[in-house]
Amino acid sequence: MSTQLTRRELIHVLESIPGSKELVVEQPLMRPLDKFASMTLLQEHGCARVHQLSLDRAVMWDSDSAARVFLVRPKLAIIRKLCELIKAEPAATYAGIFVEKRLSVCDVELEKAGVFGLIEIFELSLGFIPLESDLFSLELPQIPAAGPSDYLTIAKSLWQLQSLYGSIPNQFTIGKAAVACGKIFGRISHESGEPPASANQPISHLFLFDRHVDLVSTLLTGLTYESMLNDAFQYSCGKIAFGEAVESRLKQKNAGRRVVALNNSDVIFSAVRNRHMTQVFPFLSAKAKDLQQSFDRASTMNKVEEVKDFVSNELRQLKQNHKLLELHICACEVLLESNRGAADRFSLEHAIVRRNADPTAVMEYLEICLCKQQNPWTVLQLACLWSICDDGLASKHFHAFRTKFLHACGYEYLPVLHYLQLNGLLTERSVPAASGVAKVTALKEAVNVASIRKGSFAAISKALTLCPESDKPFDAKSSTAPSYAFSETYTPLIVQMVAQTVSDGWSTTKFQKALGPDIPLSCHPAAPAKPDNRLRKAILVAFIGGVTFAEIAALRQFAQNTNFRIMIVTSHVIQREEFLKSQGEMTL
């Protein structure tokens, strides 16, 4: 339904621009645009051609077009490129469609370039884009931390959802960003008129969750098939580009780069997407044998009617399943080969989360990774995970790692380490004493770090049982715990909070004591109703700052275990390396 509203809004904007049009779209918006507007639809409303906007390349305009239309997000680099294109041919007619909001800084940049009066500006709200029946994303760009403008975008989209499906009577917010967004959501609902409560409203509870409350789920390697695909390939907006590594293994080669849609319409992917990686290849092998038996059955048919029925009803689907199966077998082979020898890393990650890792062993492993010249970002992921789980690294380990990392990877990473420290991902447990200006600077940095990560991970993990204890070894084939996404080492924080709310009801006092005073919580009303699966109402979980596929798999497993329907909405789906790069505020 939200997709239809976005489509109507886009059509209204396009019809407001007279004549034939050329549409120039920012690259990250190409896939979201494809979700709600096909090329046929765009042509019906005057867009003869669609280009992709590139910062380092000119646009080849069609002289017959009456207007040139840009669909972009309001970012300075993009606006400067628009100014460059407009100044090159100022006599043409230009229009800009800014996604989500029009920022005053963009108007200032247009004025500075002297083209403010040469372009007509419109706004377009994308709303939640459906990636799956239970997963919706705003596809916002990855940034270090959500700000007020992002809170407004998320709050408006939640209000749109509420206006379509009815009031959400029970609302919980977890974390600073969530509380701030919840206040804006409440204000919009009050000013715009909250939909009346009714007995048939499909959503009974809303959990607003701040990503920075649980960074462990982001840095820990998710071991489901979909999570590992997201780590290895370019996966966004429900589509993936496997690249040469997979394409070269296929028997039927494809010219150019193929982009594949991954959703539940792909019967093979829907069966393996949430499986633990150790169970994917055995399933695909068994499926291949079943398909071969189905093809062999056709060779034993003696009657014309049987062959005709097979060709008309089964053959096409079998061929399609064979292509999909081949694709996922090749992708699985690439994943297994790229992670050969990674068992030591996974074991070390799990030991770090359980807080029983030997610091000397962790340092030795990091040194080995640096000596092997592994991807610097995967090394930083492990170091950040260690820092967060230990509530900061001991001084000798902190300084030793920084020195060895910079020597191995280069001093261009010095700003990255600085920003990771300021953002609370890679910190020193204690600030050494200093004098004069150095002491003041050290104290200021210590205050900044402490304001972000004051809560003790050990205390939170123990209070909410995030690391389940079991005497039995993990069995991926039989495990039904939501923590299976991390080999039963860790349960994502939001999953555990939803689970405890479902079993015991929401308790602000209990959760506040577990999380500590520095992670704010709120609920509306003061005495919220306990979720009840007999009412057949959905629980809506909203992530501010992104969600990982491991968390999605864990929530789906919990929903299956408890017979609840859980819907997930998010600002975007996190790719771990891009997340860490954004926290380092640097892209190398």
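Residues numbered from 1 in each chain as written. Predicted model: local features only at pLDDT ≥ 70, side-chain atom pairs only at ≥ 80, totals over all residues. Heavy atoms only, no water.

1. Structural notes on the pattern of salt bridges
In total, this model carries 24 salt bridges according to the counting rule given. Here Asp 532 and Arg 534 are joined by a salt bridge, their closest N and O atoms 2.8 Å apart. Several salt bridges converge on common partners, so that one network encompasses Glu 132, Asp 134, Glu 226, Arg 273 and Arg 556. (Salt bridge = Lys/Arg side-chain N within 4 Å of Asp/Glu carboxyl O.)

2. Concerning the packing of aromatic side chains
One pass over the full model with this rule turns up 16 aromatic pairs. Aromatic side chains Phe 172 and Trp 506 sit 4.5 Å apart centroid to centroid with 15° between the ring planes, which places their arrangement in the stacked category. A residue pair is termed long-range when its members are at least 10 positions apart, and Phe 172 in strand β8 (residues 170-174) and Trp 506 in the loop between α21 (493-504) and α22 (508-515) qualify at 334 residues. Just as Phe 172 is buried, Trp 506 falls in that class too. Judged by centre distance (5.2 Å) and plane angle (10°), the ring pair of Tyr 235 and Phe 549 falls under stacked. Placement of Tyr 235 in strand β10 (residues 234-236) and of Phe 549 in helix α23 (residues 549-562) is noted, with a sequence separation of 314 residues between them. With a relative accessible area of 8%, Phe 549 lands in the buried category. (Phe/Tyr/Trp six-rings, centres within 6.5 Å; stacked < 30°, edge-to-face > 60°. Helix = DSSP H or I, 4+ residues; strand = E, 2+ residues; numbered from the N terminus. Buried < 20%, exposed > 50% of the residue type's maximum accessible area, 1.4 Å probe, protein only.)

3. Some thoughts on the nonpolar core
Among soluble globular proteins, nonpolar side chains are generally buried collectively. With 137 residues, the main nonpolar core has Ile 174, Leu 229, Leu 380, Leu 426, Tyr 490 and Leu 493 as its most contacted residues. Not counting the four nearest positions on each side in its chain, Tyr 490 is found in contact with Asp 214, Val 216, Ser 217, Leu 220, Val 353, Phe 457, Leu 466, Cys 467, Pro 468 and Ser 483. If you look at the next biggest cluster of nonpolar residues, it comprises 25 residues, including Leu 138, Ile 154, Cys 181 and Phe 185. (Core = buried A, V, L, I, M, F, W, Y, C linked by side-chain atoms within 4.5 Å. Contact = heavy atoms within 4.5 Å.)

4. Some remarks on the environment of Phe 233
Its place among the elements puts Phe 233 in the loop between α9 (225-232) and β10. Accessibility expressed as a relative area gives 9% for Phe 233, which makes it buried. With residues near it in sequence (within four places) discarded, Phe 233 still touches Ile 240, Ala 241, Phe 242, Val 246, Val 334 and Leu 335.

5. So, the pairing of strand β5 (residues 119-124)
By the bridge criterion, six bridges tie strand β4 (residues 94-99) to β5 in an arrangement that is parallel. Bridge pairing links Gly 96 to Ile 121 in β5. With helix α5 (residues 104-113) bridging β4 and the parallel β5, this β-α-β connection has right-handed handedness. (Pairing = 2+ DSSP bridges. Right-handed = clockwise from strand over helix to strand, strands pointing away.)

6. So, the domain arrangement of the protein chain
Considered domain by domain, the protein chain is made up of domain 1 (1-126), domain 2 (234-339) and domain 3 (342-423). Computed from C-alpha coordinates alone, the two centres of domain 1 and domain 2 are separated by 38 Å. Domain 1 puts four residues into the contact, and the matching count from domain 2 is eight residues. For the pair domain 1 and domain 2, the summed buried area comes to about 450 Å², and 49% of that belongs to carbon and sulfur atoms. Summed over the three residues of domain 1 that lose the most area to domain 2, namely Arg 31, Asp 34 and Lys 35, the buried surface amounts to 94% of that side. (Domains from an automatic or database assignment. Buried area = accessible area lost by both parts, 1.4 Å probe.)

7. Details of helix α18 (residues 414-422)
Buried within α18 are the following residues: Val 416, Leu 417, Leu 420 and Gln 421. Taken down its axis, α18 places every buried residue within 135° of arc, on the same side. (Arc of directions from axis to C-beta.)

8. Some details on the state of the cysteines
If you walk through the whole model with that rule in mind, you get zero disulfides. Cysteine Cys 389 is unpaired, with the sulfur of Cys 467 as its nearest cysteine sulfur at 7.6 Å. Classification of Cys 389 as buried rests on a relative accessible area of 0%. Take Cys 409: it sits in no disulfide, and the sulfur closest to it among the cysteines is that of Cys 369, at 10 Å. (Disulfide = S-S within 2.5 Å.)

9. Structural notes on the packing of helix α16 (residues 376-389) against helix α17 (residues 395-409)
Across the interface, α16 lies against α17 with an axial gap of 12 Å and an inter-helix angle of 175°. Compared by their axis directions, α16 and α17 come out roughly antiparallel. Together, Pro 376, Val 379, Leu 380, Ala 383 and Trp 386 of α16 and His 397, Phe 401, Phe 405 and Cys 409 of α17 make up the contact between the two elements. Residue composition of the contact of α16 with α17, by class: eight nonpolar, one polar and no charged. (Axes fitted to C-alpha atoms, helices over the stretch in contact; angles between N-to-C directions. Parallel < 35°, antiparallel > 145°, perpendicular 65-115°, else oblique. Nonpolar A, V, L, I, M, F, W, Y, C, P; charged D, E, K, R; others polar.)

10. With respect to the packing of helix α14 (residues 343-353) against α16
Packing of α14 against α16 leaves a shortest axis separation of 9 Å and a crossing angle of 20°. By the angle class used here, α14 and α16 are roughly parallel. Here the hand of the crossing between α14 and α16 comes out left-handed. Residues Arg 345, Leu 348, Glu 349, Ile 352 and Val 353 of α14 lie in contact with α16, whose contacting residues are Thr 378, Gln 381, Leu 382, Leu 385, Trp 386 and Cys 389. (Left-handed = near helix turned anticlockwise from the far one by under 90°.)

11. Some details on the sheet that holds strand β6 (residues 129-132)
Overall, mixed pairing links the seven strands, which are arranged β6-β7-β15-β14-β9-β8-β13 in an open sheet. Lying at the two open borders of the sheet, with one neighbouring strand each, are β6 and β13 (521-524). Pairs of neighbouring strands in the sheet enclose a mean axial angle of 20°, with direction left out of account. Examined bridge by bridge, β8 and strand β9 (residues 203-210) share five bridges and lie parallel to one another. Pairing of Ile 174 across the sheet is with Phe 209, part of β9. Lying on the sheet, α22 is in contact with β8 and β13; it crosses β13 at an angle near 165°.

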